[in-house]
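Examination of the molecular architecture
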Amino acid sequence: MSAEASSTILKPSRRTLLATSAAALATPFMPKRIYAQTTKTAVKFSLNLPRNGTNSPFIYALEKGYFAAEGIEITAMDPASGADALQRVASMTYDASFADLTSLGEFYAGFPEQVPLAVFNIYKVTPAAIVSWKSSKITKPADLIGKTVGGPLTDNAFKLFPVFYKVNGLDPAAVKFNNVDLRLRESQLIRREVDAVTGFDSTVWLNLKGLGHKLEDVSIMLYADHGLDFYGNSVVVSRKFLRDNEAAIPGICRAVCRGWQDAMKNSKAVTDALVKADALVKPDIEQDRLEWVLTHQVRTEEGKKLGLGAIDPAKLQRGINTIASAYNLSKTATVDAIWSDKYLPPASMRAIA
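Keep in mind that this is a model prediction, so the values were computed, not measured.

**Observations concerning empty space enclosed by the protein**
For the coordinates displayed, the defined rule picks out one cavity of 30 Å³ or more. Within this model, the largest cavity holds a volume of roughly 30 Å³. As for the largest cavity, its lining consists of Ser103, Glu106, Asn156, Lys159, Leu160 and Tyr327. When residues in the lining of the largest cavity are grouped by element, the largest group, three residues, is from helix H6 (residues 156-167).

**Quick word on the pairing of strand S6 (residues 148-151)**
Across the two faces of S6 the burial is the same, with Thr148 and Gly150 and Val149 and Gly151 all buried. After leaving S6, the chain enters H6 and then returns to the sheet as strand S7 (residues 176-179), a path that is right-handed. Note: S6 against strand S8 (residues 196-200), two bridges, orientation parallel. When the sheet's bridge partners are listed, Val149 is paired in S8 with Ala196.

**Some details on the packing of helix H10 (residues 249-265) against helix H12 (residues 283-298)**
Between H10 and H12, the least distance of the axes is 10 Å, while the angle of their chain directions is 110 degrees. Taken together, the axes of H10 and H12 lie roughly perpendicular to each other. Side by side, H10 and H12 meet where Trp260, Ala263 and Met264 of the first sit next to Leu290, Val293, Leu294 and Val298 of the second. A per-class count over the contact of H10 with H12 returns seven nonpolar, no polar and no charged.

**Some points on the pairing of strand S1 (residues 41-46)**
With six of six residues buried, S1 lies mostly within the body of the structure. Burial of the side chains of S1 extends over both faces: Thr41, Val43 and Phe45 are buried on one face and Ala42, Lys44 and Ser46 on the other. For S1 and strand S3 (residues 96-100), the ladder comprises two bridges, and the chain directions are parallel. Its bridge partner lying in S3, Phe45 is registered against Ala96.

About the thresholds
Residues numbered from 1 in each chain as written. Predicted model: local features only at pLDDT ≥ 70, side-chain atom pairs only at ≥ 80, totals over all residues. Heavy atoms only, no water. 1 Å grid on protein atoms, 1.4 Å probe; cavity = no way out; pocket = protein on both sides within 12 Å on 5 of 7 lines; lining within 4 Å. Points joined across faces, edges and corners; volume = space filled by probe spheres on them. Helix = DSSP H or I, 4+ residues; strand = E, 2+ residues; numbered from the N terminus. Buried < 20%, exposed > 50% of the residue type's maximum accessible area, 1.4 Å probe, protein only. Right-handed = clockwise from strand over helix to strand, strands pointing away. Pairing = 2+ DSSP bridges. Axes fitted to C-alpha atoms, helices over the stretch in contact; angles between N-to-C directions. Parallel < 35°, antiparallel > 145°, perpendicular 65-115°, else oblique. Contact = heavy atoms within 4.5 Å. Nonpolar A, V, L, I, M, F, W, Y, C, P; charged D, E, K, R; others polar.

Below, the structure is given as structure tokens:
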């Protein structure tokens, strides 16, 4: 977990720092047609976490010039902390980000006109998980009753825990929570100050590996294996960007697609680009993290069936409905309110071997 959340790869342009008008926030976007991209478009992009293997293909695509080839000028590609990636785009301080898809359903209930639109899915399975030591014998949700779980407030797995528990017929109040800084999460688990932690499987496990621990000593309880058949991170864009720069979105999707396709062919080259962007990361750990994500979240059976970028609308709607029910939301989003496949590259470009 190196890299400060305020750092950037490139300096932001003046255009991306202009304030969004109140009128823009209030006017919903109604897409009609996509026009050809003829001019360079500035894009301020937020990663999902500090720079690491989970987002290295975006950094690689930037270095390789894939965005530039599409007429996209990435003015910033900033690290974030979990849910911050969604908030940045929802507030329209960033144009696009790598954020949790299903969480858009919760955001829609409170801010339907401002909810970002997902345009390219990467994670076919949510990586949200409970991580503990095998010696603690926490193998099912009920094993957490009376235990202490640590997690950062900005962590999507932490935010989803009440949904996870309710889906399994359990009361979240039966579990004690210890809100911890993202940078201290694994340390608390190692010192046994908590019984388990929330987080993405690849994030927590590879952080533990970097601190000298072995997989056989670690237990990973995936939310996806216990009732939450949710999609994970996707490229999302702000409503302002949709209104002002819709023609640039297909190019963004193509550049992202090329970066992730290259990652599946040569993860070392992608990790090398990550190291150039942040010399403090550990190359072996981050390459392992990238390979984990590719294996567990990208090259799934559904991924091979649908290809990069696409989703099953029925599955997404089930996830939205589950979120709405668990949180007693006043509004339940439809798939079309938070997702569009109209900007996707052709299936041949998105195919997963």
